[in-house]
Amino acid sequence: MSLFDNAVFPMCASKGVSKTETFPVDVQTNGINEYRSTPFDWEYFTWNIPSWNIMEDEKVSIVSFLRQRKYGLRSFLYQDPNMPSLINNKIPNLSGTKWKLTLAWDTNTAGNHPIFHPGALEVRRNGFIVSYTFAIENGLPIITVPGSSAADTIRVSGPIYFAVRLESSFGWTINALNSDTTVAVSDVYRDWE
């Protein structure tokens, strides 16, 4: 059984989404010296999506989606409403014509956080659109740009998705009923990481 479903969460832009970035650091000390380490090479994202006044049909869609993934058992794709796409994202050279597909720290600094689930990307080599191939090699997302070298600047634009899972419980409260006493509006509570 796969623990990942290649399915996109049905709501991206939801009301009240908050995002947290964490870079876990383990601190050990003997009282004199301090040693710091981290099990990760990149930051860790958590989204909190409290959907106030979500319509009943949206709630049904979300519940159905999560039940199919057995709630927190299987991960799925989520498009960050704050960063649904890359825009001229600079990526680092791995070697030769191979480039690591990562989130940039800023406009001129390539980052470390890998992007394993890109949509259709536009890749530019020194400002000009070029062809490319995408693959996962040795656990890293790699873009191969024929004819490129470490001296080039490669930038990518296009939609991206994060593999996430439900971190906490999922529930809802009925906020409003229709005149025939069917549910009109619900309040849904959930967290993704």
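Residues numbered from 1 in each chain as written. Predicted model: local features only at pLDDT ≥ 70, side-chain atom pairs only at ≥ 80, totals over all residues. Heavy atoms only, no water.

How would you sum up the overall build of the protein chain? Please name residues and give values.
Check the secondary structure of the protein chain and you find 1 helix and 19 strands. Intrachain contacts of the protein chain at a sequence separation of at least 6 include 65% that bridge at least 24 residues. Roughly 10700 Å² of accessible area belongs to the protein chain as shown, and the carbon and sulfur atoms make up 53% of that amount. (Helix = DSSP H or I, 4+ residues; strand = E, 2+ residues; numbered from the N terminus. Contact = heavy atoms within 4.5 Å. Areas by Shrake-Rupley, 256 points an atom, 1.4 Å probe, with all protein chains shown as cover.)

Hey, could you go over a nonpolar patch on the surface for me, with residue numbers and the actual values?
A cluster of nonpolar side chains, Phe 23, Val 25 and Val 27, forms an exposed patch at the surface whose accessible area comes to about 240 Å². You can see Val 27 is positioned in strand 3 (residues 26-29). (Patch = residues over 30% accessible without salt bridge, like charges linked within 9 Å, V, L, I, M, F, W, Y side chains within 5 Å. Salt bridge = Lys/Arg side-chain N within 4 Å of Asp/Glu carboxyl O.)

Which residues make up helix 1 (residues 56-68), and what values go with them?
Along its 13 residues, helix 1 runs 18 Å from first to last C-alpha, staying within 8% of the 18 Å computed at 1.5 Å per residue. Residues of helix 1 that are buried: Lys 59, Ile 62, Val 63, Phe 65 and Leu 66. Projection of helix 1 onto a plane perpendicular to its axis shows the buried side chains occupying an angular sector of 160°, all on one side. Those residues of helix 1 that are exposed and aimed more than 90 degrees away from the buried face are Asp 57 and Arg 67. Positioned one or two residues after helix 1, Lys 70 has a phi angle of 55°, which is positive. (Expected span 1.5 Å × (residues − 1). Buried < 20%, exposed > 50% of the residue type's maximum accessible area, 1.4 Å probe, protein only. Arc of directions from axis to C-beta.)

Can you tell me about the packing of aromatic side chains, naming the residues and giving the values?
Counted under the stated rule, the structure contains 8 aromatic pairs. Note on Phe 9 and Phe 76: the rings are 6.0 Å apart at their centroids and 25° apart in plane angle, and the pair reads as stacked. With a gap of 67 residues between them, Phe 9 in the loop between strand 1 (4-8) and strand 2 (18-22) and Phe 76 in strand 7 (residues 75-78) connect regions that are remote in the sequence. Relative accessible area serves as the criterion here: at 0%, Phe 76 is assigned to the buried category. Judged by centre distance (6.1 Å) and plane angle (55°), the ring pair of Phe 9 and Tyr 78 falls under tilted. Of this pair, Phe 9 sits in the loop between strand 1 and strand 2 while Tyr 78 is found in strand 7, placing the two residues 69 residues apart along the sequence. Pair check on accessibility: Phe 9 and Tyr 78 agree, each one buried. Taken together through their ring pairs, the aromatic side chains of Phe 9, Phe 45, Trp 47, Phe 65, Phe 76, Tyr 78 and Phe 162 make up a single cluster. Directly above the aromatic system of Phe 45 lies the positively charged group of Lys 19, at a separation of 4.3 Å from the ring centroid. (Phe/Tyr/Trp six-rings, centres within 6.5 Å; stacked < 30°, edge-to-face > 60°. Lys NZ or Arg CZ within 6 Å of the ring centre and 35° of its normal.)

Go over the side chain of Asp 5 with me, naming the residues and quoting the values.
Relative to the elements of secondary structure, Asp 5 occurs in strand 1. Setting aside anything within four residues of it in sequence, one finds Asp 5 in contact with Gln 68, Arg 69, Arg 74, Ser 75, Phe 76 and Leu 77.

Talk me through unusual backbone geometry; I want residue IDs and the actual numbers.
Most peptide bonds adopt trans geometry, and most residues besides glycine take a negative phi value. The backbone of Tyr 71 sits at a positive phi, close to 55°, despite the residue not being glycine. Following the sequence through the fold, Tyr 71 ends up in the loop between helix 1 and strand 7. Judged by its relative accessible area of 29%, Tyr 71 is partly exposed. Positive phi outside glycine occurs at Asn 126, with the angle close to 50°.

Any chance you could break down the sheet that holds strand 9 (residues 93-95) for me, citing the residues and the numbers?
Whenever strands of a sheet pair, they do so through backbone hydrogen bonds, lying parallel or antiparallel. One open sheet holds the 4 strands; their spatial order is 9-10-15-14, and the pairing between them is antiparallel. Each of the sheet's edge strands pairs with one partner strand only, and the pair in question is strand 9 and strand 14 (133-137). In this sheet, adjacent strand axes meet at a mean angle of 40° when their direction is disregarded. Bridge count between strand 9 and strand 10 (residues 98-100): 2 bridges; the pairing is antiparallel. If you follow Ser 95 over to strand 10, its bridge partner there is Lys 98. (Pairing = 2+ DSSP bridges. Axes fitted to C-alpha atoms, helices over the stretch in contact; angles between N-to-C directions.)

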